[in-house]
Amino acid sequence: MRRPSTLLPPARLYASQCQRRPYTNSPPKIPISASQAASQMLNALQSKTSSRNQLLDGNQLQKLALTLNHTTIHNQDITSSPPPDGTPIPPGHHLVYFTPLGAESELGPDGSDTKFNAPFPFSRRMWAGGKMTFPKVALRIGDQVEERTRLLSAVPKKSKSGQEMVLVEVEKEFSGPRGIGVVDRRSWIFRPEIDSSNDSAYTTSAGRLSRRPTTIVDHVKQGNQYPIRELTWSPVGLFRFSALTFNSHKVHYDEGWSQGVEGHPGIVVHGPLNLINILDYWRHVHGRGKRLEGITYRALSPLYAGDTYHIKTRDVANSDGGQVYEIAAEKNGTVCMKAEITAA
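What counts, and where the lines are drawn
- Counting from 1, residues in each chain are numbered in the order their sequence is written.
- Local features in this predicted model are restricted to residues whose pLDDT is 70 or higher, and side-chain atom pairs enter the listing and the counts only when it is 80 or higher, whereas totals over whole chains, interfaces and linings include all residues.
- The side-chain values count all of the structure's non-hydrogen atoms but skip hydrogen atoms and water molecules.
- What counts as a ring pair is set by centres within 6.5 Å for rings of Phe, Tyr and Trp (its six-membered ring), and what kind of pair is set by the plane angle: stacked under 30 degrees, edge-to-face over 60, tilted for all other angles.
- Secondary structure is summarised from DSSP: a helix means a run of H or I of at least four residues, a strand means a run of E of at least two, and numbering begins at the N terminus for each.
- When a residue's accessible area, from a 1.4 Å probe over protein chains only, is under 20% of the maximum for its type it is buried; when over 50% it is exposed; and in between it is partly exposed.
- Look at NZ for Lys and CZ for Arg. If either is within 6 Å of the ring centre and within 35 degrees of the ring normal, a charge sits over the ring.
- As used in this record, nonpolar core signifies buried Ala, Val, Leu, Ile, Met, Phe, Trp, Tyr and Cys residues forming a set joined through side-chain atoms within 4.5 Å.
- Note on definitions: a residue-residue contact is assigned when non-hydrogen atoms from the two residues lie within 4.5 Å.
- Whenever a nitrogen or oxygen atom comes within 3.5 Å of another N or O atom, the pair is scored as a polar contact, on the condition that within protein one atom can donate a hydrogen and the other can accept it, and that pairs from neighbouring residues in sequence are kept only if both atoms are in side chains.
- By this rule, a helix spans an expected 1.5 Å times one less than how many residues it contains.
- Any carboxyl oxygen of Asp or Glu within 4 Å of a side-chain nitrogen of Lys or Arg constitutes a salt bridge here.
- Each C-beta atom gives one direction from the helix axis, and the arc is the one those directions make.
- What pLDDT reports is the predictor's confidence in each residue, on a scale of 0 through 100.

Named according to an unreviewed UniProt entry, the protein chain is Mesaconyl-C4 CoA hydratase originating from Conoideocrella luteorostrata.

As structure tokens, this is what we get:
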């Protein structure tokens, strides 16, 4: 067996002098003080501004409105279609745009984005407050907007109990074609992280260590014509997919509901997520130079956060000038989802 090669990208630098620490429960050996952490942040980031661009689409605003139980935006009914281009973004609703980037391996142990995290051990983030100002020029649906983010301050603090922490303030400026629409200052408190390596709360009733990060790895074994893809989904990965698909089914994020009400041993991996996994596997292994015609699939057995399972090619056959691929997701010999893919 060759050494597996991970499909997840490596951690990226968030500034030339600071590197994101991968998701791990084995922290560096030497912690530093809050004063040292604040000083390192200022030295690395205070003179730098990061910039991103995004088109403000109506679908995202529609989903937020429905989440807030709003059926109209500026007296326009949005229950069946998103607001049209030119609709002003209501104050504060810009928060559903410019969401955090990065693979799960780049998140902190608590699942938060780490781009403006204080150095170890101050990685446990809490939103402490902030200030927003809204110039007369509103951002609108259909605008191409630039987000510019800079570090304003990093200050060592102590909690009422005497625990060291770091108070960080950043400023985000959102500019559209008519000028600056929002200036958003955010204050975060960073407390020392908690070692969760022995925390039984992170183990499901079935004994899975569901705190492990998502992994997707290909194995090439002797005797197998095609590689086998090994997957393990974490609760963080499943939450992200639920959010992306606006899927509020509790079995995918509420372990109490999934176990106590529906009788599952843990949080359930989404069927559509495994459909995408199977299609991605076909595309990476078989799809070069092929035209995908269709897929027929069936879910047979549930998978859960923390489960390790495999996607493999079971058969490839010729049919009507094309090929038919039988692909399966299996766990310990049990077929959990099977698919038939046709391509020419």
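Now that the structure has been shown, we can carry on.
## Concerning the packing of aromatic side chains
Counting across every chain of the model gives 4 aromatic pairs. Between W282 and Y325, the ring centres sit 5.8 Å apart and the planes meet at 75°, which makes this aromatic pair edge-to-face. Placement of W282 in helix α5 (residues 271–285) and of Y325 in strand β15 (residues 322–331) is noted, with a sequence separation of 43 residues between them. In this structure, W282 and Y325 share a single accessibility class: buried. Taken together, the ring pairs in this structure connect W127, W188 and F190 into an aromatic cluster. Between R125 and the ring centre of W188, over which it is positioned, the NZ or CZ distance is 4.7 Å.

## Side note on the nonpolar core
Of all hydrophobic cores here, the largest spans 23 residues; its most connected members are W233, L238, V269, I278, Y309, I311 and I327. For this core, the secondary-structure elements that each account for two or more residues are α3 (235–245), α5, β14 (308–319), β15 and β16 (334–343). With 5 residues, the single largest contributor to this core is β16. Every residue in contact with I278, bar those within four places of it in the chain, is listed here: I295, I311, I327, M337, A339 and I341.

## Details of the side chain of T232
Considering the arrangement of structural elements, one finds T232 in strand β12 (residues 228–232). A distance of 2.9 Å separates a polar atom in the side chain of T232 from a polar atom in the side chain of T308. Setting aside chain neighbours within four positions, we find T232 in contact with P213, T214, T215, G306, D307 and T308.

## Section: α5
In a regular helix each residue adds 1.5 Å, so 15 residues correspond to 21 Å; α5 covers 21 Å between its end C-alpha atoms and thus fits that length. Here α5 has its buried residues at L273, N274, L275, N277, I278, Y281 and W282. Along its buried surface, α5 packs onto β12, α3, β13 (292–299), β14, β15 and β16.

## Focus: the environment of E104
Considering the arrangement of structural elements, one finds E104 in the loop between β6 (76–77) and β7 (124–133). The exposure class assigned to E104 is buried, which follows from its relative accessible area of 7%. Sequence separation of E104 and R240 is 136 residues, and the distance between their C-alpha atoms is 9.3 Å. One polar contact links E104 to S234, side chain to side chain, over a distance of 2.5 Å.

## Observations concerning the pattern of salt bridges
Under the defined criterion, the tally for this structure stands at 14 salt bridges. The salt bridge involving E293 is made with R291; its shortest N-O contact spans 3.1 Å. Residue classification places E293 among the partly exposed residues on the basis of a relative accessible area of 46%. Take R291: its relative accessible area is 51%, and that puts it in the exposed class. One salt bridge connects R314 with E326, and the closest N-O pair in it is separated by 3.9 Å. With R314 in strand β14 and E326 in strand β15, this residue pair connects regions lying 12 residues apart in the sequence. One salt-bridge network, held together by shared partners, links K312, R314, E326 and E330.

## Concerning unusual backbone geometry
Backbone torsion omega between F120 and P121 reads 10°, so that peptide bond is classified as cis. Of note, the phi angle at F98 is positive, near 50°, even though the residue is not glycine. In this fold, F98 is placed in the loop between β6 and β7. What makes F98 buried here is its relative accessible area of 8%. The residue N332 is not glycine, and still its phi comes out positive at about 50°. Along the chain, N332 falls in the loop between β15 and β16. When its relative accessible area of 73% is taken as the criterion, N332 is described as exposed.

## Considering α3
Looking at α3, one finds that the buried residues are G237, L238, F241 and S242. Summarising the axial view, the buried residues of α3 lie within an arc of 140°, below the 170-degree limit, and thus occupy one face. Across α3 from its buried face, at more than 90 degrees, point the exposed residues F239 and L244. Those residues of α3 that are buried are in contact with α5.

## What about the confidence of the model for the protein chain?
For the protein chain, mean pLDDT is 87; residues scoring 70 or higher make up 87% of the total. Note that residues 204–209 has pLDDT below 50 and, in this model, 17 contacts with residues that lie over four places away or in other chains.

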